[in-house]
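The residues making up each chain are set out below.
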Amino acid sequence: MKIKSLLLTAALPLTLTLAACSGGANPDVSARQDVMKDWKDAMGVMGGMAEAPDTFDLAKFQENAQFLAESANKPWAHFSDKNELGGATDAIWSNPDEFKAETENFQKVTAELNTVAQNATTLDEILPALKPVGDSCQSCHEDFKKPND
Ligand code: HEC
């Protein structure tokens, strides 16, 4: 696996290789990527319960919903330098209004999910509020995150 990825890296054009490398180096890029990774974990926990309802654990769900809502504004200040693309597309800087709208929508739907979760007793009550959050991740990634290799 490691050898294969090294070979792949060597075969990539220089620009791509540099973009991939800058991901770890710049503190703003790592800060925003770290939050995104934690979001992926939180969505994994909640999505896992949605798929396997017998594993539903209300307290654990509430904890993850609260984490998303409380960190929903964290990454955006780390997108200030347009020379540090990381895994982002330059549409963030060429289309700032749409990016801002995506960040605001995300903060809204995660706050709603959290409110619903904190007041719920069953998974069925919460599920309708989970989907808009997943949709929001996806919608922003479509335009503003580079596709995975
Ligand atoms: C408003 C836009 C936006 C929203 C909302 C958003 N993301 Fe992202 N996400 C991005 C951008 C931009 C990147 C690329 C960041 C970079 O590499 O610099 C990214 C990167 C990621 C990554 C890769 C991180 C890495 O290690 O390189 C993961 C995983 C991720 N997002 C998960 C999520 C999940 C899960 C959600 C929803 C709960 C979400 N994102 C919501 C814009 C968004």
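Under the annotation held in an unreviewed UniProt entry, the protein chain carries the name Cytochrome c and is attributed to Psychrobacter phenylpyruvicus.

Quick look at the overall build of the protein chain now. The number of helices and strands found in the protein chain is seven helices and zero strands. For the protein chain, the α and β elements follow one another from N to C terminus as α-α-α-α-α-α-α. Per-residue burial for the protein chain yields a buried fraction of 20% across its 149 residues. A separation threshold of at least 6 residues defines the contact pool for the protein chain, and within that pool the share at least 24 residues apart is 70%.

Moving on to the site of the ligand. Not every one of the 22 residues close to the ligand is listed here, only the nearest: Met 36, Gly 86, Gly 87, Cys 137 and Cys 140. Counting only elements with at least two residues in the shell around the ligand, the list comes to α3 (27-51), α6 (96-118) and α7 (123-144). With eight residues, the top contributor of residues to the shell around the ligand is α3. For the shell around the ligand, the class distribution of residues is 10 nonpolar, seven polar and five charged.

Membership of the largest hydrophobic core comes to 16 residues, with the highest contact counts inside it found for Met 46, Phe 61, Ala 65, Leu 68 and Leu 113. Every element with two or more residues in this core is listed here: α3, α4 (58-71), α6 and α7. Excluding anything up to four places from it in sequence, Leu 113 contacts Ala 65, Leu 68, Ala 69, Ala 129, Leu 130 and Val 133. Phe 79, Ala 88, Phe 99 and Phe 144 belong to the second largest nonpolar core, which has five residues in total.

Moving on to the packing of α3 against α4. Where α3 contacts α4, the two axes come as close as 10 Å, and the packing angle between them is 150 degrees. What the angle tells us is that α3 and α4 run roughly antiparallel. The interaxial crossing formed by α3 with α4 has left-handed handedness. Contact residues: Val 35, Trp 39, Ala 42, Val 45, Met 46 and Met 49 in α3; Lys 60, Phe 61, Asn 64, Ala 65, Phe 67, Leu 68 and Ser 71 in α4.

This next bit is on the UniProt feature "binding site: heme c" (unreviewed entry) in the protein chain. UniProt annotation of "binding site: heme c" (unreviewed entry) refers to Cys 137, Cys 140 and His 141 when read in the numbering used here. Structurally, Cys 137 is set in helix α7. Positionally, Cys 140 belongs in helix α7.

Once that is clear, we can look at α4. Here α4 contains 14 residues, and its C-alpha end-to-end distance of 20 Å stays within 8% of the 20 Å for a straight helix at 1.5 Å per residue. Taken residue by residue, α4 has Phe 61, Asn 64, Ala 65, Leu 68 and Ala 69 as its buried positions. Summarising the axial view, the buried residues of α4 lie within an arc of 135 degrees, below the 170-degree limit, and thus occupy one face. Those residues of α4 that are exposed and angled more than 90 degrees off the buried face are Ala 59 and Glu 70. The secondary structure elements touched by the buried residues of α4 are α3, α6 and α7.

Rules of the game
- Residue positions within a chain follow its written sequence, with the count starting from 1.
- pLDDT decides what is reported in this predicted model: residues at 70 or higher carry local features, side-chain atom pairs at 80 or more are listed and counted, and totals for whole chains, interfaces and linings draw on all residues regardless.
- We count a stretch as a helix when DSSP gives it H or I for four or more residues in a row; a strand needs E for two or more, and each element gets its number in order from the N terminus.
- Partly exposed residues are those whose C-beta has more than 12 but fewer than 20 other C-beta atoms within 10 Å; 20 or more makes a residue buried and 12 or fewer makes it exposed, with C-beta atoms placed from the backbone.
- Residues are defined as contacting one another if the C-beta atoms placed from their backbone atoms lie within 7 Å.
- Each residue gets a C-beta atom placed from its backbone. Should that atom fall within 6 Å of a molecule or strand, the residue is termed near it.
- Residue polarity follows a fixed list, in which Ala, Val, Leu, Ile, Met, Phe, Trp, Tyr, Cys and Pro are nonpolar, Asp, Glu, Lys and Arg are charged, and the others, Gly among them, are polar.
- A set of buried residues qualifies as a nonpolar core if it consists of Ala, Val, Leu, Ile, Met, Phe, Trp, Tyr and Cys joined through C-beta atoms within 7 Å.
- Whenever a helix is involved, its axis is fitted only over the stretch in contact; in every case the axis is a line through C-alpha atoms, and angles between N-to-C directions fall within 0 to 180 degrees.
- Oblique is the label for every angle not falling under 35 degrees (roughly parallel), over 145 degrees (roughly antiparallel), or within 65 to 115 degrees (roughly perpendicular).
- Left-handed describes a crossing whose near helix is turned anticlockwise from the far helix through less than a right angle; right-handed describes the clockwise counterpart.
- UniProt positions are given in the numbering used here, feature names are shortened, and annotations may be inferred rather than shown by experiment.
- One fewer than the residue count of a helix, multiplied by 1.5 Å, yields its expected span.
- Summarising the geometry, the arc corresponds to the directions from the helix axis toward the C-beta atoms.

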